[in-house]
Amino acid sequence: DGGITQSPKYLFRKEGQNVTLSCEQNLNHDAMYWYRQDPGQGLRLIYYSQIVNDFQKGDIAEGYSVSREKKESFPLTVTSAQKNPTAFYLCASSIYRRGGYEQYFGPGTRLTVT
Amino acid sequence: GDSVTQMEGPVTLSEEAFLTINCTYTATGYPSLFWYVQYPGEGLQLLLKATKADDKGSNKGFEATYRKETTSFHLEKGSVQVSDSAVYFCALTSGGSNYKLTFGKGTLLTVNP
């Protein structure tokens with residue numbers, strides 16, 4: 001089955017440590033995205049990538065970094081510079097279909113930093 | 001910039017009640033409009049979409065009509081079930097960034113038996 005895999009589902013880290021969240025897709029989609037979800041705030045775009053070896057900052061990129069070395073993979077690193085890293089992180093990929101782009105989401109990783 | 005405004009929740013209904021969740025938007029150009037659903041602890045699932053004015057998106061008994069004149073895309077269902085309990089997000093893509101989604105804040109729906 002095609003889909004988007006995020007691992008792990010829950011992640012715990014100490015303050016001051018960098019942590020990398022995994023996102024893999026086997027949908028053959030070109031574009032991939034990272035969102036952050038906080039209670040009552042909806043989803044906010046962190047980074048996105050339209051093609052391999054290229055990515056752009058979203059609305060809240062500070063304190064995060066990404067890479068896109070393969071079409072299937074788009075890992076997100078939460079650095080120690082991110083002031084409030086505890087959140088639910090969602091990865092997505094998209095395809096142009098039926099007159100517009102459709103984004104499909106992974107199951108998410110809940111990061112807790114203490 | 002682009003924005004989406006949804007009715008604030010939570011919304012609590014009894015099973016078989018009629019559901020409406022209001023969504024209005026502002027956007028540059030001609031947006032595509034979406035509704036996503038998120039069940040507890042999970043990612044988002046695309047529920048339905050519409051790409052041009054007067055289009056009606058529908059799926060699993062849910063419907064929404066793209067109203068350009070009122071810049072709205074309200075979600076409706078005639079008879080909700082307990083299994084419809086979830087958070088619903090209205091979203092859009094538009095203009096030169098037509099692959100980037102702008103989301104509303106979400107509306108929590110709880111359906112009681």
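Cut-offs applied
Residues numbered from 1 in each chain as written. Chains lettered and ligands numbered in written order. Predicted model: local features only at pLDDT ≥ 70, side-chain atom pairs only at ≥ 80, totals over all residues. Heavy atoms only, no water. Helix = DSSP H or I, 4+ residues; strand = E, 2+ residues; numbered from the N terminus. Buried < 20%, exposed > 50% of the residue type's maximum accessible area, 1.4 Å probe, protein only. Salt bridge = Lys/Arg side-chain N within 4 Å of Asp/Glu carboxyl O. Contact = heavy atoms within 4.5 Å. Polar contact = N/O pair within 3.5 Å; in protein donor to acceptor, adjacent residues only side chain to side chain. Nonpolar A, V, L, I, M, F, W, Y, C, P; charged D, E, K, R; others polar. Disulfide = S-S within 2.5 Å. Pairing = 2+ DSSP bridges. Axes fitted to C-alpha atoms, helices over the stretch in contact; angles between N-to-C directions.

*Asks:* Quick question: what am I supposed to make of unusual backbone geometry here?
*Replies:* Backbone phi values are negative for most residues with the exception of glycine, while trans is the configuration of most peptide bonds. Of note, the bond from S7(A) into P8(A) is cis; its omega dihedral lies within 30 degrees of zero at -10°. Mapped onto the elements, P8(A) comes out in the loop between β1 (4–7) and β2 (10–13). Backbone torsion omega between G9(B) and P10(B) reads -5°, so that peptide bond is classified as cis. Along the chain, P10(B) falls in the loop between β1 (3–6) and β2 (11–14). You will see that D54(B), though not glycine, has its phi angle at about 75°, which is positive. Mapped onto the elements, D54(B) comes out in the loop between β6 (44–50) and β7 (56–59). Exposure remark for D54(B): the relative accessible area of 53% places this residue in the exposed category. Unusually for a residue other than glycine, K60(B) sits at a positive phi of about 55°. Residue position: K60(B) is located in the loop between β7 and β8 (62–65).

*Asks:* So what exactly am I meant to see when it comes to the pattern of salt bridges here?
*Replies:* Oppositely charged side chains can pair when the atoms bearing their charge come close. As enumerated under the stated definition, the model contains nine salt bridges over all chains in all. Across the salt bridge formed by E102(A) and R97(A), the nearest N and O atoms sit 3.5 Å from each other. A residue is classified by how much of its surface remains accessible, and R97(A), at 32% relative accessible area, is partly exposed. For K56(B), the salt bridge goes to E63(B), with nearest N and O atoms at 3.6 Å. The class of E63(B) is partly exposed, set by a relative accessible area of 33%. Overlapping salt bridges, with partners in common, bring together R36(A), D38(A) and R44(A) in one network.

*Asks:* Looking at this structure, how should I read the interface of chain A and chain B?
*Replies:* At the junction of the two partners, chain A supplies 24 residues and chain B supplies 19 residues. Connecting chain A to chain B are one salt bridge. In this structure, K49(B) engages E102(A) in a salt bridge whose closest nitrogen and oxygen atoms are separated by 2.9 Å. Connecting chain A to chain B are five residue pairs in polar contact (both at pLDDT 80 or more). Within the residue set of the side of chain A that touches chain B, elements represented by two or more residues are β4 (31–37), β5 (43–51), β9 (87–97) and β10 (100–105) of chain A. It is β10(A) that provides the largest number of residues to the side of chain A that touches chain B, a total of six residues. Across the side of chain A that touches chain B, the residue classes tally to eleven nonpolar, nine polar and four charged.

*Asks:* Explain the state of the cysteines to me, please; I cannot follow it from the model alone.
*Replies:* Such a bond, covalent and formed between the sulfur atoms of two cysteines, is termed a disulfide. Summed over all chains, the structure comprises two disulfides over all chains. Between C23(A) and C91(A) runs a disulfide, and the two sulfur atoms are separated by 1.8 Å. An S-S torsion of about -70° defines the bridge between C23(A) and C91(A) as left-handed. Taken together, the positions of C23(A) in strand β3 (residues 19–25) and C91(A) in strand β9 put the pair 68 residues apart, joining distant regions of the chain. By relative accessible area, C23(A) is classed as buried at 1%. Here C91(A) falls in the buried class, since its relative accessible area comes to 0%. The disulfide that involves C23(B) links it to C90(B), with 2.0 Å between the sulfurs. Its torsion about the S-S bond being -70°, the disulfide of C23(B) and C90(B) is classed as left-handed.

*Asks:* Can you help me understand the sheet that holds β1(A) in this one?
*Replies:* Within a sheet, neighbouring strands are paired by backbone hydrogen bonds and run either parallel or antiparallel to one another. Residue and element names in this part refer to chain A. Ordered by their spatial adjacency, four strands build an open sheet running β1-β3-β8-β7, and the pairing between neighbours is antiparallel. A strand with exactly one partner marks an edge of an open sheet, and here the two such strands are β1 and β7 (64–66). On average, each strand axis in the sheet is tilted by 20° relative to the strand beside it, whichever way the strands run. Judged from the three bridges that link them, β3 and strand β8 (residues 76–78) form a sheet pairing that is antiparallel. Along β8, the bridge assignment pairs L21 with L76.

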